[in-house]
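Reading the structure
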Amino acid sequence: FKENFIRDVRDLRGELNVFVQPKKYATIGGGEPLLQRAPLIYLCTYIHKLSGKIELETNGSKPAILQEVLKKGMIERLVFLMHAPLEVTLFQKITKAGTFFKSTEEVIADVKTSLNLIREYQDDYDMVIRTTIVPSLLFKIGRASCRERV
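Residues numbered from 1 in each chain as written. Predicted model: local features only at pLDDT ≥ 70, side-chain atom pairs only at ≥ 80, totals over all residues. Heavy atoms only, no water.

1. Thoughts on the packing of aromatic side chains
The geometry of an aromatic ring pair is captured by the separation of the ring centres together with the interplanar angle, meaning the angle of the planes. Let me state the cut-off plainly: A pair of aromatic rings is counted whenever rings of Phe, Tyr or Trp (Trp by its six-membered ring) have centres within 6.5 Å, and the orientation is called stacked for planes under 30 degrees apart, edge-to-face for over 60 and tilted otherwise. Note on conventions: DSSP H or I runs of at least 4 residues are helices, E runs of at least 2 residues are strands, and numbering of each starts at the N terminus. Working rule: Lys NZ or Arg CZ, within 6 Å of ring centre, within 35 degrees of ring normal, means a charge sits over the ring.
A complete count under the given rule lists 1 aromatic pair for this structure. Arranged with centres 6.3 Å apart and planes meeting at 5°, the rings of Y42 and Y46 form a pair that is stacked. Of this pair, Y42 and Y46 both sit in helix α2 (residues 37-49), 4 residues apart, which is roughly one turn of that helix. The lysine or arginine in question, R77, covers the ring of Y25, its NZ or CZ lying 3.8 Å from the ring centre.

Written out as structure tokens, the structure is:
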């Protein structure tokens with residue numbers, strides 16, 4: 001694993017040298033970047049060496065890693081992907097959370113912890129909250145619930 005990681009990071013570093021421009025944003029997203037702590041920290045450090053800025057997209061499911069990134073001042077912009085209201089039934093229905101290693105309640109608790117961290121460090125970065133409205137899944141009460149929590 002480690003050998004492949006090093007080779008992949010070297011390949012990626014070559015691409016970053018071409019595409020990252022000083023004072024421009026490089027977005028780290030897709031899936032959940034906080035699931036890959038070591039590569040995330042490495043990428044943030046390397047992009048900063050290139051004088052790039054970092055936009056990180058997250059769904060808030062990994063608050064411990066988010067706290068590390070925020071505490072170290074590794075990002076300039078955070079895009080928080082609010083996929084569903086933080087009510088168990090709607091959250092489960094929309095996100096299908098709780099089907100793998102954690103219950104839906106645990107995932108919601110992690111997202112709430114992340115939202116509290118976002119508030120705690122809010123002066124350190126720009127913030128964007130993004131959601132997708134699917135009318136058949138998210139009714140007026142669900143939208144209001146998302147807005148209220150944020």
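2. What about unusual backbone geometry?
The phi dihedral of K23 is positive, around 70°, even though this residue is not glycine. With respect to the secondary-structure elements, K23 resides in the loop between α1 (2-19) and β1 (25-28).

3. Examining the packing of helix α4 (residues 88-95) against helix α5 (residues 104-120)
Where we set the bar: Only the stretch in contact is used when a helix axis is fitted, and all axes are lines through C-alpha atoms; the angle between N-to-C directions ranges over 0 to 180 degrees. Small angles under 35 degrees read as roughly parallel and large ones over 145 as roughly antiparallel, with 65 to 115 read as roughly perpendicular and the rest as oblique. A contact between two residues is defined here by any heavy atoms of the two lying within 4.5 Å.
Interaxial distance between α4 and α5 falls to 10 Å at its minimum, and their mutual angle equals 95°. Relative to α5, the element α4 lies roughly perpendicular. Between α4 and α5, the residues in contact are V88, F91 and Q92 and T104, E105, V107, I108 and V111, respectively.

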